[in-house]
Amino acid sequence: MTLDGMLDDSFARDLDGMYQFTSAAQAGAPQLVMLNTALAAELGLDAEWLASPAGIEVLVGNAVPAGARPLAQAYSGHQFGGFSSRLGDGRALLLGELRDVRGELRDLHLKGSGRTAFSRGGDGYAAVGPMLREYLMGEAMHALGIPTTRALAVVSTGDQVARDTMLPGAVLARVAASHLRVGTFQYASVHHGTEMVQRVADFAIARHYPQLAEMDGRYLALLEAVTQVQAELVANWMLVGFVHGVMNTDNTTISGETIDYGPCAFMDRFDPATVFSSIDHNGRYAYGNQPSIVQWNLARLAETLLPLIDDESDRAVELATAVIHGFVDRFNDTWLAGMRAKLGLVAPDAGDTELVNDLLELLHQQGLDFTGFFRSLSTFEPPPAFDEWTQRWTTRLRSEGRDRVEVAVAMNGVNPIYIPRNHLVEEALTAGQNGDLAPLHRLLAAVTEPFEQRAGFDRYAEADLAAAVGYQTFCGT
Ligand code: AMP
Ligand code: MG
């Protein structure tokens with residue numbers, strides 16, 4: 001089974017003015033590096049065909065499935081707070097939309113597929129290493145139960161790309177609930193005006209929030225829905241120590257999926273000021289700032305929707321502001337429920353916030369590994385510096401009266417033992433870039449079953465706090 005006739009083009013049909021039809025650059029000697037057979041199955045695609053020469057030609061952009069009309073999407077974005085009115089897919093294409101086996105429409109998108117009308121100074125290409133990183137991080141997030149775009153395949157192009165040095169080029173085939181971003185709304189608003197914002201909003205509602213379609217006040221409801229999914233998303237990041245690293249409005253989805261695994265990394269030692277990205281000099285996107293940054297990005301979405309929310313602008317501002325303020329409670333609800341679960345607690349208690357914040361304060365003071373600490377809580381007593389806290393926590397646990405084994409099992413079901421630790425990611429990507437994929441497959445095996453302790457995976461559970469000092473990541477260009 002091929003992809004011929006399988007791809008819908010609703011974005012092209014409905015949102016003229018929000019894209020440019022574009023063809024991919026031809027890859028000289030494509031070779032399949034990674035294929036996500038589990039995701040292929042979810043999409044109802046034939047993995048064997050995808051891995052065949054004809055499938056690889058499609059995955060790298062050399063061949064276009066019959067009926068598909070590849071396009072580069074237009075979007076704007078606040079990057080580190082500064083507005084760029086014209087970003088868009090500078091090195092990516094939407095091939096089309098696929099209906100998965102559950103009946104959901106998913107975008108099939110190529111990244112690293114050559115220059116487009118939105119490339120500005122860039123070459124349109126991607127290197128193997130960063131595309132493998134996106135593959136790995138997306139699968140790890142998915143396995144942690146956190147909404148995310150996912151990689152279907154990485155194909156090396158056989159061509160070199162010029163970065164600091166020459167690197168092997170690659171195309172990532174990415175699957176997303178959609179690629180609509182806050183920046184998509186900003187582009188519609190800035191370049192076309194209210195009528196286009198309405199078209200994009202209606203498209204987003206039909207795609208992600210169809211229950212709102214017939215509602216009066218549906219554009220305010222859309223803002224509420226996106227606020228909710230983004231509040232949940234960032235709460236989930238915080239609960240696993242994930243630092244996205246480049247939370248620009250063009251990297252904030254309308255679907256609530258994590259997108260754009262450039263400079264992201266998981267935090268080892270707990271510190272709210274943790275930053276990995278080499279270009280985030282002011283720590284704008286530090287771990288602890290992530291909730292307020294998402295809220296800020298949602299306010300930018302709200303601005304584009306104001307004319308649709310109410311004819312009277314003061315009233316529109318009042319309504320939208322209430323939703324944006326409501327982000328804080330939405331975030332806290334998910335975050336606190338998640339923290340409670342990490343601590344093996346079930347019933348909400350007035351002292352929860354204090355219990356959790358005191359713990360985080362201690363973790364910070366003691367410089368302990370975030371993931372390792374929570375995982376070990378089900379079996380070991382925390383170190384002596386935590387004694388007073390441990391006593392309060394065990395009193396809470398006892399008051400709930402649950403069976404100890406049951407509590408430990410529940411805790412191990414939410415506190416991962418295997419995450420993509422930075423030193424392991426570097427090791428796997430360096431080998432992968434040089435053609436040795438064994439370490440990457442091994443790491444994937446660990447992080448795609450993150451809660452299940454298994455024999456032979458001990459080193460994947462260990463922090464390397466020495467390596468963590470000064471660890472830097474780079475935007476995936
Ligand atoms: P990102 O930081 O990956 O979210 O990218 C921000 C913007 O830069 C988007 O418009 C990308 O399409 C564009 N971009 C990133 N890398 C390249 C590249 N190598 N060539 C052209 N455009 C790029
Ligand atoms: Mg991006």
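It should be noted that the structure appears before, not after, this text.
The text that follows walks through the structure, step by step, so that each part is easy to find. What you see is a predicted model; the values in this text were computed from it and never measured.

### Some remarks on unusual backbone geometry
Positioned with a positive phi, F80 is a non-glycine residue whose angle comes to about 50°. In this structure, F80 sits in the loop between β4 (77-79) and β5 (82-84). Assessed through its relative accessible area of 29%, F80 is described here as partly exposed. A positive phi angle, close to 45°, is found at R120, a residue other than glycine. With respect to the helices and strands, R120 occurs in the loop between β7 (105-111) and α5 (128-143).

### Brief notes about the pattern of salt bridges
Counted by the stated rule, this structure contains 27 salt bridges. A salt bridge links R340 to D352; the nearest nitrogen and oxygen atoms lie 2.7 Å apart. Taken together, the residues span a long stretch of sequence, with R340 in helix α10 (residues 313-342) and D352 in helix α11 (residues 352-366) at a distance of 12 residues. Just as R340 is buried, D352 falls in that class too. Look at the salt bridges and you will find they share partners, linking E42, D100, R102, R106, E139 and R150 into a network.

### Considering the pairing of strand β8 (residues 150-162)
Sheet topology places strand β2 (residues 31-35) next to β8; 4 bridges connect them, and they run antiparallel. Residue pairing in the sheet places M34 in a bridge with V154 of β8. Two elements, β8 and strand β9 (residues 166-176), share 9 bridges in a ladder whose sense is antiparallel. Note that in β9 the partner of A153 across the bridge is A173. Two successive antiparallel strands, β8 and β9, enclose a turn made up of 3 residues.

### Observations regarding the packing of aromatic side chains
Under the counting rule described, the total for this entry stands at 18 aromatic pairs. Considering the side-chain rings of Y19 and F21, the 5.1 Å spacing of their centres and the 65° angle between planes classify their relative orientation as edge-to-face. Judged by relative accessible area, which is 10%, Y19 ranks as buried. Plain terms: the ring middles of W389 and W393 are 5.5 Å apart, the flat faces sit at 15° to each other, and that makes the pair stacked. Of the two residues, W389 and W393 are both situated in helix α13 (residues 387-400); the distance of 4 residues between them amounts to about one turn of the helix. Judged by its relative accessible area of 1%, W389 is buried. On the accessibility criterion, W393 (5% relative accessible area) is buried. The structure contains a cluster of three or more aromatic residues connected by ring pairs, namely F270, Y287, F370, F373, F374 and F386. Here the guanidinium or amino end of R181 rests over the ring plane of Y75, the centre of that ring lying 4.0 Å away. Over the ring of W296 we find R300, and its NZ or CZ is 4.4 Å from the ring centre.

Definitions and cut-offs
- Residue numbers here run from 1 along each chain, matching the order of that chain's written sequence.
- As they are written, the chains are lettered A onward and the ligands numbered 1 onward, keeping that order.
- Whole-chain, interface and lining totals are the exception, using all residues; otherwise, since this is a predicted model, local features are given only for residues with pLDDT of at least 70 and side-chain atom pairs are given and counted only at 80 or more.
- To obtain the side-chain values, all non-hydrogen atoms of the structure were used and water was disregarded.
- Helical segments are the DSSP runs of H or I of at least four residues, strand segments are the runs of E of at least two, and each set is numbered from the N terminus.
- Accessibility here uses a 1.4 Å probe with only protein chains present; expressed as a share of the type maximum, an area under 20% marks a residue as buried, one over 50% as exposed, and anything in between as partly exposed.
- Should a side-chain nitrogen of Lys or Arg be within 4 Å of a carboxyl oxygen of Asp or Glu, the pair is scored as a salt bridge.
- For two strands to be treated as a pair, DSSP must find at least two bridges joining them.
- Each aromatic pair joins two rings of Phe, Tyr and Trp (for Trp, the six-membered one) with centres within 6.5 Å, and gets the label stacked for planes under 30 degrees apart, edge-to-face for over 60, and tilted for any other angle.
- Any Lys NZ or Arg CZ that is within 6 Å of a ring centre and within 35 degrees of that ring's normal is treated as a charge sitting over the ring.

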